[in-house]
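# Understanding the architecture of this molecule
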Amino acid sequence: MKKERNASSEASKAPGRSGVLVLHGPNLNLLGTREPHHYGSTTLAEINRALAHRAEAAGVLLEAFQSNHEGALIERVHAASAQGIGYLIINPAAYTHTSIALRDALAGTGIPFVEVHLSNVHAREPFRHQSYFSDLAIGVISGLGSDGYLLALEYILRRMASE
Ligand code: DQA
């Protein structure tokens, strides 16, 4: 997790809102060794580092948070709202397919978000085809590996720049 403190208010979603929070759901701490045929060999630390570098170059605050606990992720969403975070990038991992509670946290705070999956969930088991998040998301990136996070950030940075 890295915090950059030089975010400009012009780069925020709305007056008083700035910064990007990247949320990683359960088991994503195992990236690098976890089922590399599905998730690749890039570690979570490497993903977070690449995101932090890109955000820093744009002068935008970026934080990342991973948890294996549903309640911790929900509380981080609530805190993001109180903190004035402008956008979220979220890979809810297995909670994608199960968590109405995390969905409700996103709906309740109204923070715009991009949903990211490393694997193409639609090319996998039928239970992965349903997401409790996609209809609320600005957009969904699935199957582009760790590049998906960077592409989501690129989109958010462009959007921030035009706000
Ligand atoms: C995942 C896909 C989910 O179905 C799975 O439970 C994960 C990771 C992905 O990034 O491809 O943990 O969200």
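The rules behind the values
Residues numbered from 1 in each chain as written. Predicted model: local features only at pLDDT ≥ 70, side-chain atom pairs only at ≥ 80, totals over all residues. Heavy atoms only, no water. Helix = DSSP H or I, 4+ residues; strand = E, 2+ residues; numbered from the N terminus. Buried < 20%, exposed > 50% of the residue type's maximum accessible area, 1.4 Å probe, protein only. Axes fitted to C-alpha atoms, helices over the stretch in contact; angles between N-to-C directions. Parallel < 35°, antiparallel > 145°, perpendicular 65-115°, else oblique. Left-handed = near helix turned anticlockwise from the far one by under 90°. Contact = heavy atoms within 4.5 Å. Nonpolar A, V, L, I, M, F, W, Y, C, P; charged D, E, K, R; others polar. Near = heavy atom within 4 Å. Polar contact = N/O pair within 3.5 Å; in protein donor to acceptor, adjacent residues only side chain to side chain. Areas by Shrake-Rupley, 256 points an atom, 1.4 Å probe, with all protein chains shown as cover. Salt bridge = Lys/Arg side-chain N within 4 Å of Asp/Glu carboxyl O.

## A closer look at unusual backbone geometry
Excluding glycine, residues mostly carry a negative phi; peptide bonds, for their part, are mostly trans. Of note, the phi angle at Asn27 is positive, near 75°, even though the residue is not glycine. In this structure, Asn27 sits in the loop between strand E1 (20-24) and helix H1 (36-39). Phi at Glu35 is positive, roughly 30°, even though this residue is not glycine. Here Glu35 shows up in the loop between E1 and H1. On the accessibility criterion, Glu35 (35% relative accessible area) is partly exposed.

## Examining the packing of helix H2 (residues 44-58) against helix H5 (residues 147-161)
Across the interface, H2 lies against H5 with an axial gap of 10 Å and an inter-helix angle of 20°. As the angle between them shows, H2 and H5 are arranged roughly parallel. Note that H2 runs across H5; the crossing there is right-handed. In this structure, H2 contributes Ile47, Ala50, Leu51, Arg54, Ala55 and Ala58 to the contact, and H5 contributes Tyr149, Leu150, Leu153, Glu154 and Leu157. Of the residues in the contact of H2 with H5, the class split is 9 nonpolar, no polar and 2 charged.

## Things to note about the packing of helix H3 (residues 70-83) against helix H4 (residues 100-109)
It is the contact of H3 with H4, at a shortest axis distance of 9 Å, that shows an interaxial angle of 5°. Accordingly, the angle class assigned to the pair H3 and H4 is roughly parallel. Residues Glu70, Leu73, Ile74, Val77, His78 and Ser81 of H3 touch H4, and the partners they reach there are Ala101, Leu102, Ala105, Leu106 and Thr109. Here the residues of the contact of H3 with H4 sort into 7 nonpolar, 3 polar and 1 charged.

## Focus on the site of the ligand
Every residue lining the ligand is accounted for by Arg34, Tyr39, Asn91, Ala93, Ala94, His97, His117, Leu118, Ser119, Val121 and Arg128. In this structure, Arg128 approaches the ligand through a side-chain N or O atom, which is 2.8 Å from an oxygen atom. Protein chains shield 99% of the accessible area of the ligand, which is 320 Å² for the free molecule. In the shell around the ligand, the residues fall into 5 nonpolar, 4 polar and 2 charged.

## Let's talk about the pattern of salt bridges
Enumeration according to the criterion identifies 5 salt bridges in this entry. In this structure, Arg54 engages Glu154 in a salt bridge whose closest nitrogen and oxygen atoms are separated by 2.8 Å. Linking Arg54 in helix H2 with Glu154 in helix H5, this pair joins segments that are 100 residues apart in sequence. Measuring nitrogen to oxygen at the nearest pair gives 3.0 Å for the salt bridge that ties Arg76 to Glu63. In this pair, Arg76 sits in helix H3 while Glu63 sits in strand E2 (residues 62-66), placing the two residues 13 residues apart along the sequence. Accessibility classification places Arg76 together with Glu63 in one group, the buried group. Salt bridges linked by common partners bring Arg124, Glu125 and Arg128 together as one network.

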